[in-house]
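Observations on chain architecture
Here are the chains, one letter per residue:
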Amino acid sequence: MRHLSPRAAISGIGELKPVRRTEGVTTLELLMQVSALALEDAGIGPDQVDGLLVGPQVGETPQHVPAMVSEYFGLQPTMSNMVDLGGASGPGMIWRAAAAIAAGQCETVLCVLGNHRNTPAPRSPNRNPAREFDPPFGASGANTSYALLMQAHMAAFGCAAEDYAVIAAGARGNAQLNPDAIFYGQPADVDEVLASPMVASPLHLFEIVMPVAGGDAVVVTTAENAKEGPHRPVHLLGAGEKITHRVVSQAPNLTSGPLKPAMARALSQSCLGIEQIKFLSLYDCYTIMVATTIEDAGLCGPGQFANWLRDNGGMGPQANQPINTHGGQLGFGQPDLAGGMTHVVEAVRQIRGNAGERQIPDCETALVTGNGATMSEAVALVLGGAQ
Amino acid sequence: MKDLSQLDVPGPTKTPLTAPFWENAAEGKLTIQKCGSCGEHFFYPRPLCPNCWSSDVAWTEVRGSGRLKSFSQIWKPGHPGWLPVTPYLVGLVELDEGPTLLSHILVERNEAKIGDRLEFIPQNIGGQMLPCFKYPDNKEEPV
């Protein structure tokens, strides 16, 4: 396995408080606002940004997205691109930024994702296999796909509905320590998760992320540059990526996903074992995603996630290996593709040691996962305080 | 059994390449592509075999029987046109020839379990005959 060299670091983060509605606001406005937060956090001006990575859903700009965003921001980058990996787009940007820096094409990359929520959301005009072969039978996108994955996991390993509900309850619990979370002030215990309406069996409403508007931005620069910033640099120690399919019927495996090899590569590059990772910032579009990720990370055997969570002491900041202290997307809300970046931003806060009352003691390392489509696009990052 | 034929729901967005799958299914023949070079059946339709990239691919009728790999009972459909028939069942059906299809499963609630044997049956959904699946022992008569 080849190691990352030279290493890049995260020097700035920005995040918008999620909201349910943003009437009249454009995506570009939100992207610029959250980017300004990240640059301010990094202690740099826009003149120091020479790389730009954006997501595909800049609603106003279906094509030429990096150029449109650059122009709007007043930037003239020497490297820009669009990263289109669904919920893995945010983590996917981080290692691409590091790679572009290592290739000598730029020094400081702004990675930004965001979305508005104005009514009504347009229906997808896609003409592709995902559109042609699933919806005519009554399947409805991600909810159906993850319900099928969860049903297969339950049947394969004999897990109970309560086992998965613990993950939603844990996320809601963590959200009570994050005033920005959409479910701040709204905890839910396992019974309440199981009493929430069935959406697509076996998935209950509280096991599914709440769509919100928001934005997240991250500044990636050289390790040398990051030292000059106002915060402790957070280094990229390893990364892994894997794509296996797009639509759920084509999944090579229903109970284990592409995060397995992606996490293995990221950990191998970092020369760390999973047991040496303090904070687990795990992509959580649905409860089943966390269950599968815990197992694919090698923290426990297949079907053993619930026992592992119990032994771990739950998911909170005091757990042995805390999970999703910002509430995860299940507690924080899912600002579309930026949802995946919230896991990067929270890992940076924890490693800096400025996560406030949800700070994890002695948090030096974090595993961040991103997941897109139907457990099909995977990115894993290992972040650390020490270089 | 609920009447699926009256639903106002989106049908398949066919292309010239994929049309034989839908047209043959409507006539009671489940057809998928098979590669003449590597011998693999595959689904969904492509111009080349996704296994070996050979262009020697041909439509072939399959047995139309398979195994339920997973299923979900849909209570809150993504498209409002499905609301009149909730809850209904969708599932992943692994054909005996190998490929997996997502389809509509004609069964009363809570009857399905993973591993069940299923059979292909054309079913009118929203005015179009689509390839659905049912239990072989006629546990449930289609409309």
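First, a word on scope: everything that follows refers to the structure included in this document. (Residues numbered from 1 in each chain as written. Chains lettered and ligands numbered in written order. Predicted model: local features only at pLDDT ≥ 70, side-chain atom pairs only at ≥ 80, totals over all residues. Heavy atoms only, no water.)

Thoughts on helix α11 (residues 305-312) of chain A
Because an α-helix completes one turn every 3.6 residues, residues spaced three or four positions apart along the sequence face the same direction. Residue and element names in this part refer to chain A. Taken residue by residue, α11 has F305, A306, W308, L309 and N312 as its buried positions. Here the buried residues of α11 occupy an arc of 160 degrees about the axis, which is enough to place them on one side. Turned more than 90 degrees away from the buried face of α11 sit R310 and D311, all of them exposed. The inward-facing, buried residues of α11 contact α5 (141-157), α6 (161-175), β9 (279-281) and α10 (287-296). In the segment just after α11, G313 is the residue with positive phi, at about 80 degrees. (Buried < 20%, exposed > 50% of the residue type's maximum accessible area, 1.4 Å probe, protein only. Helix = DSSP H or I, 4+ residues; strand = E, 2+ residues; numbered from the N terminus. Arc of directions from axis to C-beta. Contact = heavy atoms within 4.5 Å.)

Topic: the interface of chain B and chain A
Frequently, the measure chosen for interface size is the accessible area removed from exposure when the parts meet. Each partner contributes residues to the interface: chain B has 40 residues there, and chain A has 30 residues. Both faces combined, the contact of chain B with chain A buries some 2900 Å², and carbon together with sulfur accounts for 63% of it. In terms of surface lost to chain A, no three residues of chain B exceed T13(B), Y44(B) and L102(B), which account for 23% of the buried area on that side. At the junction of chain B and chain A, the tally comes to 14 residue pairs in polar contact (both at pLDDT 80 or more). Contributions of two or more residues to the side of chain B that touches chain A are made by α1 (19-26), β4 (65-74), β5 (88-95), β6 (100-106) and β8 (128-134) of chain B. (Buried area = accessible area lost by both parts, 1.4 Å probe. Polar contact = N/O pair within 3.5 Å; in protein donor to acceptor, adjacent residues only side chain to side chain.)

Considerations on the packing of aromatic side chains
Applying the stated rule across the entire model yields 12 aromatic pairs over all chains. Summarising the aromatic geometry, the rings of F133(A) and W22(B) are spaced 5.6 Å apart at their centres and angled 10 degrees between planes, so their arrangement reads as stacked. Linking F133(A) in the loop between α4 (129-132) and α5 with W22(B) in helix α1, this pair reaches from one chain into another. Assigned by exposure class, F133(A) and W22(B) land together as buried. With a centroid separation of 5.0 Å and 75 degrees between ring planes, the pair formed by F21(B) and W22(B) is classed as edge-to-face. In this structure, F21(B) and W22(B) share a single accessibility class: buried. Members of the aromatic cluster, connected to one another through ring pairs, are F133(A), F137(A), F21(B), W22(B), F43(B) and Y44(B). (Phe/Tyr/Trp six-rings, centres within 6.5 Å; stacked < 30°, edge-to-face > 60°.)

Considering the sheet that holds strand β11 (residues 377-384) of chain A
All names here are of chain A. If you walk across this open sheet you meet the nine strands as β3-β2-β4-β7-β1-β8-β11-β10-β9, and the pairing is mixed. Looking along the sheet, the strands with just one partner apiece sit at the ends: β3 (79-82) and β9. Across the sheet, the axes of successive neighbouring strands diverge by a mean angle of 25 degrees, strand direction being ignored. Sheet topology places strand β10 (residues 365-372) next to β11; eight bridges connect them, and they run antiparallel. Looking at β11, one finds that N371 is bridged to A378. (Pairing = 2+ DSSP bridges. Axes fitted to C-alpha atoms, helices over the stretch in contact; angles between N-to-C directions.)

With respect to the pattern of salt bridges
Scanning all chains against the criterion turns up 11 salt bridges over all chains. With a closest N to O distance of 3.2 Å, D96(B) and R63(B) form a salt bridge. Here D96(B), found in the loop between β5 and β6, pairs with R63(B), found in the loop between β3 (57-61) and β4; they are 33 residues apart in sequence, far enough to count as distant. When its relative accessible area of 65% is taken as the criterion, R63(B) is described as exposed. Within this structure, E15(A), E346(A), R349(A) and R358(A) form a network of salt bridges that share partners. (Salt bridge = Lys/Arg side-chain N within 4 Å of Asp/Glu carboxyl O.)

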